[in-house]
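# A look at the structure
The primary structure of each chain is shown beneath.
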Amino acid sequence: MDEKDKPSADEAALSARLHHLEDRLSETRKDRNLRTGQSDGRDGNASAKASAMARGFRLSSELIAGVLVGAAIGWGFDRLLSTSPWGLIVLFLLGFAAGVINVMRTAGVADKPADRQ
């Protein structure tokens, strides 16, 4: 080998320090994964996706419940009072509005009502 092909002492020392740092980083990552109980980053991502899906189901069920309850009460009023279809229409729209307000409160978009004293 030529003297040009041989790494200088500074380059060799830098390379050794980089390898040592790489070993320490891999040890730290292994320790952190053992402490959190995760084998890799995919588990955390899966739980985040599951949490987002659960939140989506909750928000959609809030809206659907409001609409269905309003429609059911309106249908009941129409049957009792023979006001068909006005009770169903009015209470269906009120149920929709209540569902939207509940979704906004749950999502944190709208403020929750203040406690009355």
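Keep in mind that this is a model prediction, so the values were computed, not measured.

Helix and strand content of the protein: three helices and zero strands. Listing the helices and strands of the protein from first to last along the sequence gives α-α-α. Relative to its full complement of 117 residues, the protein shows a buried share of 10%. A sequence separation of at least 24 residues applies to 48% of the contacts in the protein between residues at least 6 apart. Total accessible area on the protein stands at roughly 10100 Å², and carbon and sulfur atoms take up 60% of it.

Topologically, Ala 97 is positioned in helix 3 (residues 86–107). Residues Ala 97 and Gly 70 lie 27 residues apart in sequence; the distance between their C-alpha atoms is 9.5 Å.

In this structure's numbering, the residues bearing the UniProt feature "transmembrane region" (unreviewed entry) are residues 59–77 and 83–104. Structurally, residues 59–77 is divided into 100% helix and 0% strand, and its ends, taken at the C-alpha atoms, are 28 Å apart. Structurally, residues 83–104 is divided into 86% helix and 0% strand, and its ends, taken at the C-alpha atoms, are 32 Å apart.

Let us look at unusual backbone geometry. Excluding glycine, a negative phi dihedral is what most residues carry, and trans is how most peptide bonds are arranged. The peptide bond linking Ser 84 to Pro 85 adopts the cis configuration, its omega dihedral lying at -5°. Examined against the element boundaries, Pro 85 turns out to sit in the loop between helix 2 (41–81) and helix 3. We note that Ser 82 has phi near 55°; this positive angle belongs to a residue other than glycine. Its location among the elements puts Ser 82 in the loop between helix 2 and helix 3.

Attention now moves to the environment of Leu 59. Position of Leu 59 among the secondary structure elements: in helix 2. For the pair Leu 59 and Ala 107, spaced 48 residues apart in sequence, the C-alpha separation works out to 7.5 Å. Those residues in contact with Leu 59, other than ones at most four positions away along the chain, are Val 103, Thr 106 and Ala 107.

The grouping of Glu 22, Asp 23, Glu 27 and Asp 31 at the surface amounts to a negative patch. Tracing the sequence through the fold places Asp 31 in helix 1 (residues 9–36).

As a further point, take the side chain of Asp 78. Along the polypeptide, Asp 78 turns up in helix 2. If sequence neighbours within four positions are ignored, Asp 78 has contacts with Thr 83, Ser 84, Pro 85, Trp 86, Gly 87 and Leu 88.

Taken together, the side chains of Trp 75, Trp 86, Leu 88, Ile 89, Phe 92 and Leu 93 make up a nonpolar region of the molecular surface, amounting to roughly 650 Å² of accessible area. Top contributing element to the nonpolar patch by residue count: helix 3, with five residues. As for its position among the elements, Phe 92 is in helix 3.

Looking now at helix 3. With 22 residues, helix 3 should cover 32 Å at 1.5 Å per step; its first-to-last C-alpha distance of 32 Å lies within 8% of that length. At the C-terminal side of helix 3, Gly 108 shows a positive phi close to 90°.

Definitions and limits used
Residues numbered from 1 in each chain as written. Predicted model: local features only at pLDDT ≥ 70, side-chain atom pairs only at ≥ 80, totals over all residues. Heavy atoms only, no water. Helix = DSSP H or I, 4+ residues; strand = E, 2+ residues; numbered from the N terminus. Buried < 20%, exposed > 50% of the residue type's maximum accessible area, 1.4 Å probe, protein only. Contact = heavy atoms within 4.5 Å. Areas by Shrake-Rupley, 256 points an atom, 1.4 Å probe, with all protein chains shown as cover. UniProt positions renumbered as here; feature names shortened; annotations may be inferred. Patch = residues over 30% accessible without salt bridge, like charges linked within 9 Å, V, L, I, M, F, W, Y side chains within 5 Å. Salt bridge = Lys/Arg side-chain N within 4 Å of Asp/Glu carboxyl O. Lys, Arg positive; Asp, Glu negative; His and termini not counted. Charge placed at Lys NZ, Arg CZ, Asp CG, Glu CD. Expected span 1.5 Å × (residues − 1).

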